Amino acid sequence: MRWSFPVGAFVATFLFYLAGADEFVGFGMDDAHYVEQARRFARGDLELASPYFPVGYPAFLSLSARFAPDVRSELAIDKAISALFAAGAVLLVFRLAVDRLGMPRSRSLLLAALTAVSPRWAYLGCQVLAEAPFCFFSLLFLHLYLGVRGSPSIRPAALVALGASIVAAAAMRTIALALLLAVVADQGVEVLRGRGRRRALALLGVPIVALGLWCGFVDGALPYQFAWKIYPGTERALQGWEAPSEPLPVRFVRSLAANLYSEVGAANLPALDTRAAGRLAKTPHGAWGLGLVRGGLLALLALGLRERLARGRVLALYWLISLSVFSIQVWPVGKFLVPLTPLSIDLLLAGAWSLAQGPRTRVAGGAALALVVLAGCASSLHRSAAAIR
């Protein structure tokens, strides 16, 4: 079957995440906000506890708040829901790779496995955060979009599903608007090349109208929340923090370079995100070694972007636009990079695979591919299991 996936692997992934769920509110203010807002909605109180979060996820969680006998049971249900979304997102990673990118099943399973055991992904799949459902709906949107984009004819049902999935993603996280920007850029390239203007109108019109209806009738604050993040200092100032003094272009270039050079690697190769790596960076030889590793990963990302821009361009555009937004905002990017985990790993693997295909670089490329796979699997599984214990 087209959407078949080894049931045992899916259940094992879900149970792996569920094993890490405890009975406490986990990720500070964010988890607490979702729980408090869900309880307000369950009581019929529509007042927002905070202007910085979309209303969709708390509204969804209000069902558990309404029927759970106590807070402990409510948290258990909420974290089980998050684990289900995280495991479902891993399934979508596999299907996206097979169905839309034409990857062999073995490579697709490898990409899904590396995503599943990524420590940050696994950790947030155990919390009451919107990251897991956002990952699910954003990947679903990308899968549907690439399907409609490559189809000889457009079915109305596919367009309805496309609009519903981007609304669901936006109801979880405001960065879903980066999906829309990626679609605009992707279809803009197609129109400039003289291809499919009518198809472009459909693929652009449906998400725009769907999000417009959502913002007009349900969550009118969504565009403002997104603007707060891309206009540096606004959100931070509203929360009583001092706004950054750097000019926007300087801040953007510096942050983007730092994120590409270190943060993306640390988010996806956990060995670079340890105290040992931090201590190593303080020694002269260690700093040189880390610099070489990070430079190598940056080169793999560049090669992967080239490959993905040639096939699955919207994925590369979404990754670049999201990373650019995260580079402008004032908060640390660690948590925000989690929804990009499968795309980041895909870029690293695609870069290594591209290098391995060249006749002059086959040995180096094979070594790079093996290094990415082994380092990703071993360190991810070790840190994820340690966190769950």
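These numbers come from a predicted model, not from an experiment.

Undergrad: Sorry if this is basic, but what is going on with the overall build of the protein chain here?
TA: Of the regular secondary structure elements, the protein chain holds 18 helices and zero strands. Looking at the protein chain as a whole, 51% of its 389 residues qualify as buried.

Undergrad: What is the right way to look at the packing of helix α7 (residues 131–150) against helix α16 (residues 313–328) in this model?
TA: If you want to describe how two helices pack, look at the angle between their axes and the distance between the axes. The geometry of α7 relative to α16 is characterised by a closest axis approach of 10 Å and an angle of 145° between their N-to-C directions. Along the contact surface, α7 presents F134, S138, L142, Y145, L146 and R149, while α16 presents R313, V314, L315 and Y318. Residue composition of the contact of α7 with α16, grouped by class: seven nonpolar, one polar and two charged.

Undergrad: Sorry, what's going on with the packing of α7 against helix α10 (residues 197–217) here?
TA: Orientation of α7 relative to α10, taken along the N-to-C sense of each, is 160°, at an axis distance of 11 Å. Our classification of the angle between α7 and α10 gives roughly antiparallel. The element α7 and its partner α10 pack so that their crossing is right-handed. Contacts from F141, Y145, V148 and R149 of α7 reach α10 at R199, L203 and P207. When grouped by side-chain class, the residues that make up the contact of α7 with α10 number five nonpolar, no polar and two charged.

Undergrad: Sorry, what's going on with the pattern of salt bridges here?
TA: Note on pairing: side chains with opposite charge can pair once their charged atoms come close. For the structure on display, the rule yields eleven salt bridges. The residue R313 makes a salt bridge to E190 at a minimum N-O spacing of 2.6 Å. Taken together, the residues span a long stretch of sequence, with R313 in helix α16 and E190 in helix α9 (residues 177–192) at a distance of 123 residues. Residue R313 shares its accessibility class with E190, and that shared class is buried. Note that E307 and R306 form a salt bridge whose closest N and O atoms lie 3.7 Å from each other. One continuous salt-bridge network, built from bridges that share partners, spans R149, D186, E190 and R313.

Undergrad: Would you mind showing me how to read the side chain of R40 here?
TA: You can see R40 is positioned in helix α2 (residues 28–42). Take R40: its relative accessible area is 19%, and that puts it in the buried class. Apart from residues no more than four positions distant in its own chain, R40 is found in contact with D45, E47, L48 and A49.

Undergrad: Just checking my understanding: could you explain the packing of aromatic side chains for this structure?
TA: Centre distance and the angle of the planes are the two values used to describe a pair of aromatic rings. Per the counting criterion, the structure on display carries nine aromatic pairs. Taken together, F60, F85, F136 and F137 form an aromatic cluster joined through their ring pairs. It is R107 that lies over the ring of W353; its NZ or CZ is 4.6 Å from the centre. Residue placement shows R173 over the ring face of F134; its charged tip is 6.0 Å from the ring centre.

Undergrad: Is there a simple way to explain α9 in this structure?
TA: In an α-helix, one turn spans 3.6 residues; hence positions three or four apart end up facing the same way. Helix length check: α9, at 16 residues, gives a terminal C-alpha distance of 23 Å against a target of 22 Å (1.5 Å per residue), a fit within 8%. Among the residues of α9, those classed as buried are L177, A178, L179, L180, A182, V183, D186, Q187 and E190. Where α9 terminates, the next one or two residues include G194, which has phi positive at roughly 75°.

Undergrad: Explain the environment of P54 here, please?
TA: As for its position among the elements, P54 is in the loop between α2 and α3 (56–67). By relative accessible area, which is 5% here, P54 ends up buried. For the pair formed by P54 and A130, sequence separation is 76 residues and the distance between their alpha carbons is 9.5 Å. Ignoring anything within four residues of it in the chain, the contact list for P54 reads A170, A171, M172, R173, T174, D219 and Q225.

The rules behind these values
- Residues numbered from 1 in each chain as written.
- Predicted model: local features only at pLDDT ≥ 70, side-chain atom pairs only at ≥ 80, totals over all residues.
- Heavy atoms only, no water.
- Helix = DSSP H or I, 4+ residues; strand = E, 2+ residues; numbered from the N terminus.
- Buried < 20%, exposed > 50% of the residue type's maximum accessible area, 1.4 Å probe, protein only.
- Axes fitted to C-alpha atoms, helices over the stretch in contact; angles between N-to-C directions.
- Contact = heavy atoms within 4.5 Å.
- Nonpolar A, V, L, I, M, F, W, Y, C, P; charged D, E, K, R; others polar.
- Parallel < 35°, antiparallel > 145°, perpendicular 65-115°, else oblique.
- Left-handed = near helix turned anticlockwise from the far one by under 90°.
- Salt bridge = Lys/Arg side-chain N within 4 Å of Asp/Glu carboxyl O.
- Phe/Tyr/Trp six-rings, centres within 6.5 Å; stacked < 30°, edge-to-face > 60°.
- Lys NZ or Arg CZ within 6 Å of the ring centre and 35° of its normal.
- Expected span 1.5 Å × (residues − 1).

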